[in-house]
Structures are given as C-alpha cells and as structure tokens.
Amino acid sequence: MTIRLGLVGAGEFLPHFVAMFAAHPGVGALYVADLVVERAETLVAEFGLAGAASNLDELLAIGVDAVAIFTPRHTHAVLALQAMQAGAHVYIAVPAAVALDELQAMTAAAARHRRVCMTGETSYYYPEIVFAREEFATGRWGQFIHADAQYVHDWATWGPHFRLTFGDDWQKYAAIPPMFYPTHSFSMPLSITGARVTHISAHGFVDRGADAGYGAGRNPWDNPFSNTVALARTSDGGTLRIGEFRRLGWFPLRNGREVMMPTFYASDACMESSMASTFLTGRQGVEGSLSYEHPGVTVDLGPWVDGPYFEHGSAQDHHIGLASAHHPARLPREYHGLANGHSGSHQYLIDDFIRACIEDALPPTHIWASAAWCAPGLVAHQSALQGGALLEVPDFGQPPDDWPRLTYPPRGVEPGRPRLPDLTAPAFPA
Ligand SMILES: NC(=O)c1ccc[n+]([C@@H]2O[C@H](COP(=O)([O-])OP(=O)(O)OC[C@H]3O[C@@H](n4cnc5c(N)ncnc54)[C@H](O)[C@@H]3O)[C@@H](O)[C@H]2O)c1
C-alpha cells in the first residue's frame, strides 16, 4: 500500500527531505505546494514528482492522503487543522503551534478525525538522546533529578531564511519570541523521562538593538525578548533549565550543533554533553569515596555522529550520517546511500510518518507528545512578560488508548554501540 502525499512550503528546509519522501516505499504520488508556485515547480522538475500546486486547498482537492508542512513556524497549526478536517494525516516541521489554544485544537482534531498528526522533532532522534532514552527506560539510571537543555541560534544566521519568505520585513518575523520555538530543547529531557512540565518561570533579555525587530509594535507578537531562560518543575519531581537564545555572537563548532543538552542528571547515572562529545558517568553504589578514587565509571560516547553509515550528501556535516546509537536496520532499504540530516534524525522521522499513516499507528513524536514539548515554552514567554511569575503549564493529555503505537524490529546488540557498564558489579575486587 502507498499513500498520496503533498508537501507544503518549498523554502529552505523542505529540499533536504524531498529525496527521502520520494524514495520511501510507502509513498506513491508526491506533490509539492508553495504560495510561490515556481519553488514547488522547481522541486517537481528536479525530483520527477507528480505535480505542483500553489496552496494547501489545491493539494487537498487532488485528494492527497497526507500532507507534510514546512511553512514558517507561526503558520503550522492553521494548516494542520485544515488538513486533518479534510481527512489528511499531517507531518509538521516544528513547532506544532504558537498558542495554547492551537495545541488544544490539534490534539482534539487528531483524536476526533483519527488522523496521524506528528512533528518532525529532530532532537528526538539525536544519537545521545536515543541512547539516553533507551538506557533510562531500563531503570538503571534511577530517578530523574535535573537537566539543562538549550537551543542557540543567532538570528543573523537566519536572516537569509526569513528573507526568502518575508523579504525586507524579515526582521519582524525573526523576532518571534524565542520561547515560541522551544521544542528542540524541551523534547530532549522530556522524551527521555516521559514526564511533562507542570510549572515554569522565565526571564527574557530585552533587546534594544535598533537593527533588530524586537519591541512593542515592531513584530506581530510585540515581543521584546531575543533570548529567554526558563526554570521548570517536571511531573516526576525533577527540574529543567531551558535556554532559547536568538541574538548573540555565537556559532557552532564544525561538526557541533546549536541544540544541546549539556546535563542530564539522574540518581544513579549522569550524562554530560559538549558541542562535540558526550560523557556518561555512573555511580556504583559505594559510599564514602573521595572524588579522585571515586568508584564510578565514565564512558566516552564519542562524537555526535560517527557514521558514515550513509554517504555524505549535504554541505553541512552535522546534517549527515548515523551514529552507533541509531537503529539503521529499521529504515527502508531505499534509504541506504541517501543524504540524512540533523545528526541522523531526518530519515527516522519520515519513516515514522509514512509507516504511521499506512499502519494506523501512532509515531513517537505524535501531537500529544509534541504539545507537551511546546506548551512549556509558550507559558514561559508569558512568565517572562510578567517578570518571571511562576505559572502552571496545561496538560494536553495522552493519545486515545485504542490507538496502537508504531513498533520496530528488535535492534539486537550492535558492535560498537556504547553502553553503561554493569553498575551492580563491585568497583574494586574484595
Ligand atoms: N531542526 C528542525 O526541525 C528545523 C530546521 C529548520 C527549519 N525548521 C522548520 O521548518 C519550517 C520551514 O522553514 P524554512 O527555513 O524552510 O522556511 P522558509 O521561509 O525558507 O520557507 C517557507 C516556505 O513556505 C512557503 N509558504 C508560506 N506560507 C505558505 C502557505 N500557506 N502555503 C504554501 N506555502 C507557504 C513560502 O513561500 C516559503 O517558500 C519552519 O517551520 C521551521 O521552524 C525546522
């Protein structure tokens, strides 16, 4: 069985995905729509696709089974709701939405129409997050205590992206509140623990730069902040410190990336990451040790992506390859040799979406999870506007019980895959 799929928004990001959509064995006819129809036509010609359209209405009139939305971040919810109401499954490049009522409407629509609605949350398939999620689930890491996560992306480097859609007005849209794009950060710790944020407090940096679009009347959200930091309480009793930085003199190292979880602390094991590498430490339960003879273990998980399982196919090194923490055997054979993206995540996200549509199964980054990764940021922005007030974060609940989850073939133990050693073994022989 194959589905007819429509891609919406042929800007900067979508071209990284077209080959993956086209090659997936579950995709039949593939269409592209963009308000600037020439952009859609260019992709149709380049990849030999079924046809171009100028908007979502036209795609839905063709009768596509599913759409994948790559339009600007504040437009996602309206398009996703329209698509679900028309009976189409929906993939959305993050974020899911920019308002709490949009999240409410999207979870309700997915349940009512029984349509797959998922975000392409790249952080979910970052290798160290895949690794931590699987290890944490064994229980050997103990109870979650605290995590720091951040997304640092100077808007000056986004300028060309925003200019494509918004022309000379681009700074107005680049000044979207940083906490309206919080999902890369929140999804890292929350997808490991399965918890949600219950309360949050935040402070923002009021950007008075005359050359930027921040401040009342200067952007559609009257947003004054270019950088915002939040402190959150999670439903499992832990804490998160989340940083969303959008205007500062920072650039990633070669092979590093802008999205990081510097710390993940649990009662029996901790993971620390820098831009280039990840270390895991575990306590072996012996009391009274001095630090220099601490009977713990430290595992160097190595660079983010130590592929290359797939050939390099992109100019940006961090947009290719797979790491040893990934599960390549679950991907379609057709993906071998195709360019990947964002530390190996793209192919997993697209495979999840197509399989979810065909199998009527829920992908892991479904809209209920995505709402839990998005809502804390939306509330954090309100908190920052209120001088750091502690605010409650609404709970968008869980998907319907009768909706099966996607399952994957067992991965087995792959050679070279890092693991935390046995923590129950004595540190020193008796
Ligand atoms: N790591 C990640 O997950 C990641 C990385 C980059 C971008 N993104 C997301 O991808 C999305 C697209 O980003 P981009 O950089 O390609 O944006 P872009 O501005 O370059 O492209 C957007 C395209 O959508 C088109 N468009 C706008 N409204 C439309 C509508 N109603 N119908 C049809 N077409 C429409 C525009 O004409 C433009 O071609 C954004 O939401 C962004 O948040 C996610």
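Model, not experiment: these values are computed from the prediction.

S.K.: What should I look at first to understand the overall build of the protein in this one?
M.R.: A tally of regular secondary structure across the protein gives 11 helices and 15 strands. Expressed as a percentage of its 430 residues, the buried residues of the protein come to 56%. The contacts in the protein between residues at least 6 apart in sequence include a share of 69% that link residues at least 24 apart.

S.K.: Please explain helix α4 (residues 76-85) as it appears in this structure.
M.R.: At 3.6 residues per turn, the α-helix brings residues three or four places apart onto the same side. Among the 10 residues that make up α4, 7 are buried, leaving the element largely enclosed by the rest of the structure. Of all the residues in α4, the buried ones are H76, A77, L79, A80, L81, A83 and M84. Buried residues along α4 sit against α3 (56-62), β4 (66-69), β5 (89-92), α5 (100-113) and β6 (117-119). Positive phi shows up at G87, right after α4, with a value of about 95 degrees.

S.K.: Explain the side chain of S226 here, please?
M.R.: With respect to the helices and strands, S226 occurs in strand β9 (residues 225-234). On the basis of relative accessibility, which here comes to 0%, the residue S226 falls in the buried class. Within the structure, S226 has its side chain in polar contact with the side chain of D207 (distance 2.7 Å). S226 has contacts with P178, F205, D207, Y214, E244, F245, R246 and R247, leaving out every residue within four places of it along the chain.

S.K.: Looking at this model, I keep getting lost on the site of the ligand. Mind explaining?
M.R.: What surrounds the ligand is a group of 24 residues, the closest being F13, D34, R39, H76 and T165. A distance of 2.8 Å is found between an oxygen atom of the ligand and a side-chain nitrogen or oxygen belonging to R39. Within the backbone of V94, a nitrogen or oxygen atom sits 2.8 Å from an oxygen atom of the ligand. Taken by itself the ligand offers 860 Å² of open surface, and the protein chains cover 89% of this.

S.K.: Sorry, what's going on with the environment of S267 here?
M.R.: Residue position: S267 is located in the loop between β11 (259-266) and β12 (269-273). Placed 124 residues apart in sequence, S267 and Q143 show a C-alpha to C-alpha distance of 5.2 Å. A distance of 2.7 Å separates a polar atom in the side chain of S267 from the backbone nitrogen of Q143.

S.K.: What is the right way to look at the nonpolar core in this model?
M.R.: The tendency in soluble globular proteins is for nonpolar side chains to be buried side by side. Among the nonpolar cores identified, the biggest contains 117 residues, and F21, M106, W141 and F264 are the most heavily contacted of them. For this core, the element with the highest residue contribution is helix α11 (residues 367-385), accounting for 11 residues. Of all hydrophobic cores here, the second largest spans 8 residues; its members include W155, W170, A174 and A175.

S.K.: What's the story with the layout of surface pockets in this structure? I'm lost.
M.R.: Leftover empty space is mapped by rolling, across the atoms, a probe with the size of a water molecule. When its volume is computed, the largest pocket comes out at roughly 1,200 Å³. Contributions of two or more residues to the lining of the largest pocket are made by α3, α4 and α7 (155-166). By residue number, the principal contributor to the lining of the largest pocket is α7, which donates 7 residues. Tallied by class, the residues present in the lining of the largest pocket amount to 23 nonpolar, 21 polar and 6 charged. The volume enclosed by the second largest pocket comes to roughly 520 Å³. G194, H366, A369, W373 and Q398 are the residues nearest the centre of the second largest pocket, which is lined by 32 residues in total. Looking at the lining of the second largest pocket, the elements that each hand over two or more residues are α9 (183-193) and α11. The dominant element in the lining of the second largest pocket, judged by the number of residues it contributes, is α11, at 7 residues. Residue classes in the lining of the second largest pocket are distributed as 21 nonpolar, 7 polar and 4 charged.

Each value, and the rule that gives it
Per chain, residues are indexed from 1 in the order of the written sequence. Local features in this predicted model are restricted to residues whose pLDDT is 70 or higher, and side-chain atom pairs enter the listing and the counts only when it is 80 or higher, whereas totals over whole chains, interfaces and linings include all residues. With hydrogens and water stripped out, all remaining heavy atoms of the structure feed into the side-chain values. To qualify as a helix, a DSSP run of H or I must reach at least 4 residues; to qualify as a strand, a run of E must reach at least 2; elements of each kind are numbered from the N terminus. We call a residue buried when its accessible area falls under 20% of the maximum for its residue type, exposed when it is over 50%, and partly exposed in between, using a 1.4 Å probe and counting protein chains only. Whether two residues touch is decided by their heavy atoms; if any such pair falls within 4.5 Å, the residues are in contact. Two N or O atoms form a polar contact when they lie within 3.5 Å of each other; inside protein one atom must be a possible hydrogen donor and the other a possible acceptor, and for residues adjacent in sequence the pair counts only when both atoms belong to side chains. Throughout, near means a residue has at least one heavy atom within 4 Å of the molecule or strand. All accessibility values rest on the Shrake-Rupley procedure with a 1.4 Å probe; residue burial counts only the protein chains present in the view. By convention a nonpolar core is built from buried Ala, Val, Leu, Ile, Met, Phe, Trp, Tyr and Cys residues, the set being connected through side-chain atoms within 4.5 Å. Here a cavity means grid points, on a 1 Å grid over the protein atoms only, where a 1.4 Å probe fits yet cannot get out; a pocket means an open set of points with protein on both sides within 12 Å along at least five of seven lines; lining residues are those with an atom within 4 Å of a point. Grid points are joined across faces, edges and corners, and a volume is the space filled by probe spheres set on the points. Three categories are distinguished: nonpolar for Ala, Val, Leu, Ile, Met, Phe, Trp, Tyr, Cys and Pro, charged for Asp, Glu, Lys and Arg, and polar for the others, with Gly belonging to the last.

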